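# Coordinate inspection notes
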Amino acid sequence: EPAGDEALAVDAAARVVRRPWVVVAAPTAWRLLTANELIDLLVAAAGQGAFLAAWSDPALELWRIKVTVARDIERDAPGTAAGLAALVAAGHLTESQRQQVLDAWPAG
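Description of the structure in this document. Residue positions are given per chain, counting from 1 as you read along its sequence in written order. Note on the predicted model: pLDDT of at least 70 is required for a residue's local features to be given, and 80 or more for side-chain atom pairs to be given and counted; whole-chain, interface and lining totals, by contrast, use all residues. Values reported for side chains reflect all heavy atoms of the structure, with hydrogen atoms and water molecules removed beforehand.

### Side note on the overall build of the chain
By the criteria applied, helices consist of DSSP H or I runs no shorter than four residues and strands consist of E runs no shorter than two, each listed in order from the N terminus. Regarding its fold elements, the chain presents 5 helices and 2 strands. Of the regular secondary structure in the chain, the N- to C-terminal order runs β-β-α-α-α-α-α. Burial classification: accessible surface area is computed with a 1.4 Å probe over protein chains only, and a residue below 20% of its type maximum counts as buried, one above 50% as exposed, and the rest as partly exposed. Here the chain holds 108 residues, and 29% of them are scored as buried. Pairs at least 24 residues apart make up 53% of the contacts formed inside the chain by residues separated by at least 6 positions. We call two residues in contact whenever any of their non-hydrogen atoms come within 4.5 Å of each other.

Written as structure tokens, this is what we have:
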């Protein structure tokens, strides 16, 4: 019988051995956001002026179009990471503000 912090397992030689329990945290399931919800997170992190400057920046036109037509925005999607990185690169968000957006993203 295993102790409270152990489990029985079979090793490569087919022997029953005691192994400590391994607890693996489940990944966080992030809620999909609407474009309006993402904009609210960006405004909360950077302020309305910074958001409006980003929204009108011609260098970010593709990002603006993608946000406008997006049905659901996924926190960990490559496009979301690229969009936030573009806002930082263009000077509309600081790295700290980018992290604030991710930290404020609601769990599902």
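### Focus: helix α5 (residues 95-104)
Buried within α5 we find Q97, R98, V101 and L102. The arc enclosing the buried residues of α5, seen along the axis, measures out at 145°, which places them on a common side. Along its buried surface, α5 packs onto α1 (35-46) and α4 (78-89). Summarising the geometry, the arc corresponds to the directions from the helix axis toward the C-beta atoms.

### Quick word on the nonpolar core
Buried Ala, Val, Leu, Ile, Met, Phe, Trp, Tyr and Cys residues form a nonpolar core when they are joined through side-chain atoms within 4.5 Å. Counting 19 residues, the largest nonpolar core has L38, L42, W63, L84, L87, V101 and W105 as its most contacted members. Residue contributions to this core peak at 6 residues, all from α1. Leaving out residues up to four positions away in the same chain, W105 has contacts with W30, R31, L33, L38, L41, I73, E74, R75 and T80.

### What to know about the environment of A82
Along the chain, A82 falls in helix α4. By relative accessible area, A82 is classed as partly exposed at 45%.

### Notes on α4
With 12 residues, α4 extends 16 Å from end C-alpha to end C-alpha; this agrees with the ideal 16 Å at 1.5 Å per step. Among all positions in α4, only T80, G83, L84 and L87 are buried. Looking straight down α4, one finds that the buried residues subtend no more than 95° of arc, so they occupy a single side. Turned more than 90 degrees away from the buried face of α4 sit P78 and A89, all of them exposed. Each element contacted by the buried residues of α4 is listed here: α1, α2 (48-55), α3 (61-69) and α5. Two residues or fewer past α4, G91 is found with a positive phi of approximately 85°. Expected span of a helix: the number of residues minus one, times 1.5 Å.

Note that all results are geometric; they support no functional claim without further evidence.
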